[in-house]
Amino acid sequence: MAAWIYFLAFCPTAILLIHTLFARHPQYELGEDTQILAAIVQFYYLRLGVFFGCLGIFSRLIRGEMIERSLHFYLLSPVRREVLLLAKFAAGSISAVILFGSAILADFALLYVAFGPAGQDYVFNGAGAGELQAYLAIVVLACLGYGAVFLLLSMMFRNPTPAALIVFGWEAINPVMPSLLQKISVASYLRHLMPITIPGEGIFALLTVQTEPVSGWIASLGLILLIVVVLTYSCFRIRKLEIRYTTE
């Protein structure tokens, strides 16, 4: 896994570590720091960190093997191509979930440990534990959703990065699209799962357009259905995948 992917995952962790070590943490700032953590998850991880991290992880699972001229060994083995694809998706998903899940856990721990007993009370007796569970569930679904999309793009394009940038733009403007089009988006489902929603200011206001509220279970099932649809089409694509190393 490339070093820049680790940087994407743990950049906020490094900043929070500095904040924990060198800043004061009076009890009245607990609510403000809770809002800061929600903003980090909402604006950084979901919009940038997990998106581009999954691009780096999943786009190489198929395309990277082509570039290294080793994919044909897998395709010649007595294994159905659909099984190979799903195995690669599972491997990429596990890597992404462990990486970004660990980052979220580290961020959460650093933020509240600085408040001492007040932070512990918020985590174990207040809303903290529920918020952590929500953040971890959001990150898991984000890794699965973006992973499925980028795995498909890696089979469709020699260089999936331009297509990924188009997806990035689509995710950014999706909140202002009609409700039917909003369903063709990973972020549209994830924003309904946020335990704390931070209103955006300036350009970030576009990312927090208020939409009709949807229950967490419906949003989760909707995203899982989208992932299944993308993976099903990916299985269809890999059946017809042809490798021409002379053009790679």
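Everything numeric in this text was worked out from a predicted model, so none of it was measured.

Can you walk me through the side chain of Ser 185 in this structure?
Note on placement: Ser 185 falls in the loop between helix 8 (179-182) and helix 9 (186-190). The class of Ser 185 is buried, set by a relative accessible area of 1%. At 2.8 Å, the side chain of Ser 185 forms a polar contact with the side chain of Glu 171. Among all residues touching Ser 185, those that are not within four sequence positions of it are Trp 170, Glu 171, Asn 174 and Leu 226.

When you look at a nonpolar patch on the surface in this model, what are you seeing that I'm missing?
Together, Leu 17, Ile 18, Leu 21 and Phe 22 line one region of the surface with nonpolar side chains, adding up to about 460 Å² of accessible area. Mapped onto the secondary structure, Ile 18 falls in helix 1 (residues 3-22).

Please clarify how the pattern of salt bridges should be interpreted in this entry.
Once their charged atoms are close, side chains differing in charge can pair, the charge on each being opposite to the other. Considering all chains together, one arrives at two salt bridges under this definition. The closest approach of N and O atoms between Arg 80 and Glu 82, which form a salt bridge, is 3.4 Å. With relative accessibility at 12%, the residue Glu 82 sits in the buried group. Among the ionic pairs, Arg 239 bridges to Glu 82, the shortest N-O distance being 2.4 Å. Highlighted residues: Arg 239 in helix 10 (residues 216-239) and Glu 82 in helix 4 (residues 81-113), separated in sequence by 157 residues. Taken together, the shared-partner salt bridges in this structure form one network comprising Arg 80, Glu 82 and Arg 239.

Conventions we followed
Counting from 1, residues in each chain are numbered in the order their sequence is written. Thresholds applied to this predicted model are a pLDDT of at least 70 for local features of residues and 80 or more for the giving and counting of side-chain atom pairs; totals over whole chains, interfaces and linings are not thresholded and use all residues. As a convention, hydrogens and water are excluded, and side-chain values are obtained from all of the structure's heavy atoms. Helix and strand assignments follow DSSP, with helices taken as H or I runs no shorter than four residues and strands as E runs no shorter than two, numbered in order from the N terminus. Note on exposure labels: buried denotes an accessible area under 20% of the residue type's maximum, exposed denotes more than 50%, and partly exposed covers the range between, all computed with a 1.4 Å probe on protein chains only. Polar contact is defined as a pair of N or O atoms within 3.5 Å, subject to the rule that within protein one atom must be able to donate a hydrogen and the other to accept it, and that residues adjacent in sequence are counted only when both atoms are side-chain atoms. When checking whether two residues touch, look at their non-hydrogen atoms; a contact exists if any pair is within 4.5 Å. Each patch is built from salt-bridge-free residues with over 30% relative accessible area, joining like charges within 9 Å and nonpolar side chains (Val, Leu, Ile, Met, Phe, Trp, Tyr) within 5 Å. Residue exposure ignores everything except the shown protein chains as possible cover, and the areas themselves are Shrake-Rupley values with a 1.4 Å probe. We define a salt bridge as a contact between a side-chain nitrogen of Lys or Arg and a carboxyl oxygen of Asp or Glu at a distance within 4 Å.

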